[in-house]
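Descriptive analysis of the structure
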Amino acid sequence: MAAAFQAVGSAVGTVTTSLALVAPALLGGDVMFAAIHSNNNTAPTIAAGGWETIVSANNTTAQNVYLAWRRCSDADTGATFTWTVAGTTVSFGALVTYRNATRGGDTGLPHFASSTSANASADNITYATLSPKNPAALIVAFGYYGLAATTAGAFSGTFPTMTNRLDAETASGIGASLFIHDGPSLNGAATGARTCASASTIDAINYGILIDVLPLELPGSSTGHSPKYPAITRGRW
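Being a predicted model, the structure only gives us computed values, none of them experimental.

1. Things to note about the overall build of the chain
Regarding its fold elements, the chain presents 0 helices and 17 strands. Within the chain, the fraction of its 237 residues that count as buried is 48%. When contacts within the chain are restricted to residue pairs at least 6 apart in sequence, long-range pairs at least 24 apart make up 77% of them. Counting every atom, the chain has about 10200 Å² of accessible surface; 56% of that belongs to carbon and sulfur.

2. Thoughts on the sheet that holds strand S11 (residues 125-127)
Strand order in this open sheet of 3 strands is S11-S16-S13, and the pairing throughout is antiparallel. Across the chains shown, the open sheet's two edge strands, defined by having one partner strand only, are S11 and strand S13 (152-155). The mean angle between the axes of side-by-side strands here comes to 25°, regardless of whether they run parallel or antiparallel. Of the strand pairs in this sheet, S13 and strand S16 (residues 194-198) are connected by 2 bridges, and their pairing is antiparallel. Residue pairing across strands places Ala-152 opposite Ser-198, the latter belonging to S16.

About the cut-offs
- Residues numbered from 1 in each chain as written.
- Predicted model: local features only at pLDDT ≥ 70, side-chain atom pairs only at ≥ 80, totals over all residues.
- Heavy atoms only, no water.
- Helix = DSSP H or I, 4+ residues; strand = E, 2+ residues; numbered from the N terminus.
- Buried < 20%, exposed > 50% of the residue type's maximum accessible area, 1.4 Å probe, protein only.
- Contact = heavy atoms within 4.5 Å.
- Areas by Shrake-Rupley, 256 points an atom, 1.4 Å probe, with all protein chains shown as cover.
- Pairing = 2+ DSSP bridges.
- Axes fitted to C-alpha atoms, helices over the stretch in contact; angles between N-to-C directions.

Next up, the structure:
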């Protein structure tokens, strides 16, 4: 069974030093991602609760992008996870969950393969090509835009065709926007460079991240979470 999108929580913005994100409905074993955009170059301090950073990077002094993940428990539905942020400018984040998913390291493969693209001020978000580790991967795109004056538009290309899961902007002013898309890998082919069009009224610096999310059981692979049975010892009768 392929990894699949489950739910996305409400995007939250703050100008304080505390960014509290609430988990959406989920089940134990789901994989949850935290995407945080800050209008400064100070990385968030990782929240308690077993989070692991995938990407933390600066794009000039006016943008930090952050992506982390954790494996959920049944008690995590509606739980609040709090990151410490700079507090001098806007920080904006959201949580998203996927089911039947793994980071890759759980299957004996490297942790999430990822590509990153730090982009100059532009109308569209650009994503660098990603070669997934397995043909069964789900490609997930996280887009970070340095202003609130935009909405997510068409996602270029068909390797894979992407579905929008989050299109969120801060209320007003010099804020931030977050986009999340996903789509199934096409036989493990490289995605190629991709763009997500926006309807921005003002161009802004932006950042694109692609990751591959693998299913718990990899088709045709001995490294997935397939059932393991005890060896049979045959005695003499």
